[in-house]
Amino acid sequence: MVSELSELSRIESGEVSIKKEPIDIGGLVTRVVERLKPQADRSRLSLAVDIPSGIPKVLADKERVEQVLVNLLHNAIKFSHSGGRISCVAKIEGDDILVSVVDTGIGIPVDDLPRIFERFYKADKARAGGGTGLGLAIAKHIVEAHGGKIWAESSEGKGSKFTFTLPVATSP
Ligand SMILES: Nc1ncnc2c1ncn2[C@@H]1O[C@H](COP(=O)(O)OP(=O)(O)O)[C@@H](O)[C@H]1O
Ligand SMILES: [Mg+2]
């Protein structure tokens, strides 16, 4: 709790610098997924990566993008039932790469959807569970510091899809 809160304030105050370099998003996602696989296995969740091999590099801070992915994947694992599926996909759209984390979990009530990126906000079903409600606020700050966007689509009881954008490394 304390560490996520101080992390958020460090990012908000601009104390955390974003060191952008061209990075291979497919490789990065694959490494993060490998790292979280044991956790997914324990919850009986499948975890897949589907990223085209020739996808262009993105201009981003490797550690920060990892942090966004870990936050999204932790949520996907936490808010899924045994037997569920989680996948990470990416595609090109203009000068952006879109990265999505898709799950077949509990979903998010439509009334909560506009607020989940706010600090401390948790949807009804998550209120009793662990977590600080800061993970998505941190992810949003990081993505926006890269000039990107992050959003969620969800259907209650069916699953959620979180997508963020990062600039292609060659774009101006
Ligand atoms: N993949 C997901 N499936 C369902 N609900 C989610 C998912 N990711 C986030 N949420 C909702 O958004 C809220 C905020 O997420 P987050 O900021 O990561 O906080 P925390 O994980 O600490 O609860 C969660 O409490 C939950 O209600
Ligand atoms: Mg979280």
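Structural data are supplied above this passage.
Since the model is a prediction, treat every value here as computed from it, not as a measurement.

Some words on the site of ligand 1
Here is step 1 of the chain: Around ligand 1 sit 20 residues, and of these Asn-75, Lys-78, Asp-103, Gly-133 and Leu-136 come closest.
Here is step 2 of the chain: Gly-133 is positioned such that a nitrogen or oxygen atom in its backbone is 2.7 Å from an oxygen atom of ligand 1.
Here is step 3 of the chain: When the free accessible area of ligand 1 is taken as 540 Å², the share hidden by the protein chains comes to 97%.
Here is step 4 of the chain: Elements supplying a minimum of two residues to the shell around ligand 1: α3 (62-78), α4 (135-145) and β7 (159-167).

Here's the deal with the environment of Ser-80
Here is step 1 of the chain: Tracing the sequence through the fold places Ser-80 in the loop between α3 and β4 (85-93).
Here is step 2 of the chain: In this structure the C-alpha to C-alpha distance between Ser-80 and Glu-144, which are 64 residues apart in sequence, comes to 27 Å.
Here is step 3 of the chain: Excluding residues within four positions of it along the chain, Ser-80 makes contact with Leu-45, Asp-103 and Gly-105.

Focus: the pattern of salt bridges
Here is step 1 of the chain: Evaluation of the coordinates by the stated rule reveals seven salt bridges.
Here is step 2 of the chain: The salt bridge partner of Glu-7 is Arg-64, with a shortest N-O separation of 2.7 Å. On the criterion of sequence distance, the pair formed by Glu-7 in helix α1 (residues 2-12) and Arg-64 in helix α3 is long-range, its members being 57 residues apart.
Here is step 3 of the chain: A relative accessible area of 15% places Glu-7 in the buried class.
Here is step 4 of the chain: Between Lys-140 and Glu-144 there is a salt bridge, and its shortest N-O distance comes to 2.7 Å. Within this pair, Lys-140 and its partner Glu-144 are both found in helix α4, separated by four residues, close to a single helical turn.
Here is step 5 of the chain: Judged by relative accessible area, Glu-144 falls into the partly exposed class, the value being 42%.

Focus: unusual backbone geometry
Here is step 1 of the chain: One non-glycine residue, Arg-44, adopts positive backbone phi at about 55°.
Here is step 2 of the chain: Relative to the helices and strands, Arg-44 resides in the loop between α2 (25-42) and β2 (46-50).
Here is step 3 of the chain: Positive phi, normally seen in glycine, also occurs at Phe-120, with a value near 70°.
Here is step 4 of the chain: Mapped onto the elements, Phe-120 comes out in the loop between β5 (96-103) and α4.

Reading guide: rules and limits
- Residues numbered from 1 in each chain as written.
- Chains lettered and ligands numbered in written order.
- Predicted model: local features only at pLDDT ≥ 70, side-chain atom pairs only at ≥ 80, totals over all residues.
- Heavy atoms only, no water.
- Near = heavy atom within 4 Å.
- Polar contact = N/O pair within 3.5 Å; in protein donor to acceptor, adjacent residues only side chain to side chain.
- Areas by Shrake-Rupley, 256 points an atom, 1.4 Å probe, with all protein chains shown as cover.
- Helix = DSSP H or I, 4+ residues; strand = E, 2+ residues; numbered from the N terminus.
- Contact = heavy atoms within 4.5 Å.
- Salt bridge = Lys/Arg side-chain N within 4 Å of Asp/Glu carboxyl O.
- Buried < 20%, exposed > 50% of the residue type's maximum accessible area, 1.4 Å probe, protein only.

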